[in-house]
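For reference, the chains in residue letters:
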Amino acid sequence: MLPKRLIIGLISLCLMIRCTGGNERCGASIRGACPPAWSQWGDKCYKQLSKNLPWAEAKQECIKKGSVLVVPQSQEETEFLQNNMHRQFWINCSDLQVEGTWVCQDGTTDVEYSNWKTGEPNNAKGIEDCAVVTASGDWNDVPCNGDSPVICQRPAPQLHF
Ligand code: MFU
Ligand code: CA
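Since the structure is predicted, the reported quantities are computational estimates derived from the model, not experimental observations. (Residues numbered from 1 in each chain as written. Chains lettered and ligands numbered in written order. Predicted model: local features only at pLDDT ≥ 70, side-chain atom pairs only at ≥ 80, totals over all residues.)

Here the focus is the sheet that holds strand β6 (residues 103-106). Sheet strands pair via backbone hydrogen bonds, and the direction of the pair is either parallel or antiparallel. Taken in spatial order, the 5 strands make up an open sheet running β7-β6-β5-β8-β9, and their pairing is antiparallel. Lying at the two open borders of the sheet, with one neighbouring strand each, are β7 (109-110) and β9 (139-142). Sheet analysis places β6 next to β7, joined by 2 bridges and oriented antiparallel. Along β7, the bridge assignment pairs D106 with T109. (Pairing = 2+ DSSP bridges. Helix = DSSP H or I, 4+ residues; strand = E, 2+ residues; numbered from the N terminus.)

The next thing to look at is the sheet that holds strand β3 (residues 44-48). An order of β2-β3-β10-β4 is seen for the 4 strands of this open sheet, with the pairing classed as antiparallel. What marks the edges here is a single partner per strand, and that holds for β2 (39-41) and β4 (68-69). The pairing of β3 with strand β10 (residues 151-155) spans 5 bridges and is antiparallel. For C45, the partnering residue across the bridge sits in β10 and is R154.

Note: strand β5 (residues 89-94) against β6, 2 bridges, orientation antiparallel. Across the sheet, C93 pairs through a bridge with C104, a residue of β6. Linkage of β6 to β7, two consecutive antiparallel strands, is achieved through a turn of 2 residues, within which G107 is found at a positive phi near 80°.

Close to ligand 1 lie E120, N122, A124, E128, N140, D141 and V142. Split into classes, the residues belonging to the shell around ligand 1 amount to 2 nonpolar, 2 polar and 3 charged. (Near = placed C-beta within 6 Å. Nonpolar A, V, L, I, M, F, W, Y, C, P; charged D, E, K, R; others polar.)

A few words on the pairing of strand β8 (residues 130-133). Alternating positions in β8 separate into two faces, C130 and V132 on one and A131 and V133 on the other, with burial throughout. With 3 bridges joining them, β5 and β8 adopt antiparallel strand pairing. Bridge assignment links W90 to a residue of β8, and that residue is V132. Two strands pair when backbone bridges link them, and β8 and β9 are joined in this way by 4 bridges, in the antiparallel orientation. Bridged to V133 within β9 is W139. What sits between the antiparallel neighbours β8 and β9 is a turn of 5 residues, in which G137 has the positive phi angle 95°. (Buried ≥ 20, exposed ≤ 12 C-beta atoms within 10 Å, placed from the backbone.)

All right, on to the environment of V70 then. Counting through the fold element by element, V70 comes out in the loop between β4 and α3 (75-84). With 22 residues separating them along the chain, V70 and Q48 place their C-alpha atoms 9.9 Å apart. Filtering out sequence-adjacent residues up to four positions away, V70 remains in contact with Y46, L81, F89, I91, N92, I151, C152 and Q153. (Contact = placed C-beta atoms within 7 Å.)

Another point: the nonpolar core. When a protein is soluble and globular, its nonpolar side chains tend to lie buried together. With 26 residues, the main nonpolar core has V70, F89, W90, I91 and V132 as its most contacted residues. With residues near it in sequence (within four places) discarded, F89 still touches V70, L81, V132, V133, S148, P149, V150 and I151. (Core = buried A, V, L, I, M, F, W, Y, C linked by C-beta atoms within 7 Å.)

Residue-level pLDDT values for the chain average 89, and 83% of them are 70 or greater. Averaged pLDDT values for the elements of the chain fall to 59 in helix α1 (residues 4-16) and rise to 99 in β9. (pLDDT = per-residue confidence, 0-100.)

For the rest of this paragraph, the subject is unusual backbone geometry. A cis amide bond links E120 with the next residue in sequence, P121, at an omega value of -5°. Secondary-structure assignment places P121 in the loop between β7 and β8. The phi dihedral of A37 falls on the positive side, at around 75°, and the residue is not glycine. Tracing the chain through its elements places A37 in the loop between β1 (27-29) and β2. For A37, a count of 8 C-beta atoms within 10 Å corresponds to the exposed category. At N123, a position not held by glycine, the phi torsion is positive, near 45°. The topology assignment puts N123 in the loop between β7 and β8.

Printed below as a string of structure tokens:
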């Protein structure tokens, strides 16, 4: 006869895991598995930096922490970040390489989701190449050299089985 707490433990583990893969592969992230001082939402861990920085420095600081500048991928994720960290913050999207061609990166891969405010990106005064989530949750392009709050993201630890 298996001990009751082992059975309860196994059931809890089953409730905590979420399958994300296809038939042959199942990725599971365990709630609360982020490093100390990082917060988890879904399968990502987030950390807010203590000071506002220009976009390129924000990006560098996140890389130094083994993470990347955040790129929210849904309205729900955006709301989590706004409610728990900052109303307004840098995102890992810029058109610095080719003016007018916006690239958002989730680590090394380009991501498709975007949530531009109506009329944005407008490259106002010809000097806006970096993007922020605004207080209303949608995106605006702004000058890269201004200081904004910084949130870094990294994947939550995964179990593959
Ligand atoms: C809009 C934005 C700019 C800037 C300005 C104050 O342009 O696109 O990024 O925030 O308002 C008219
Ligand atoms: Ca703009």
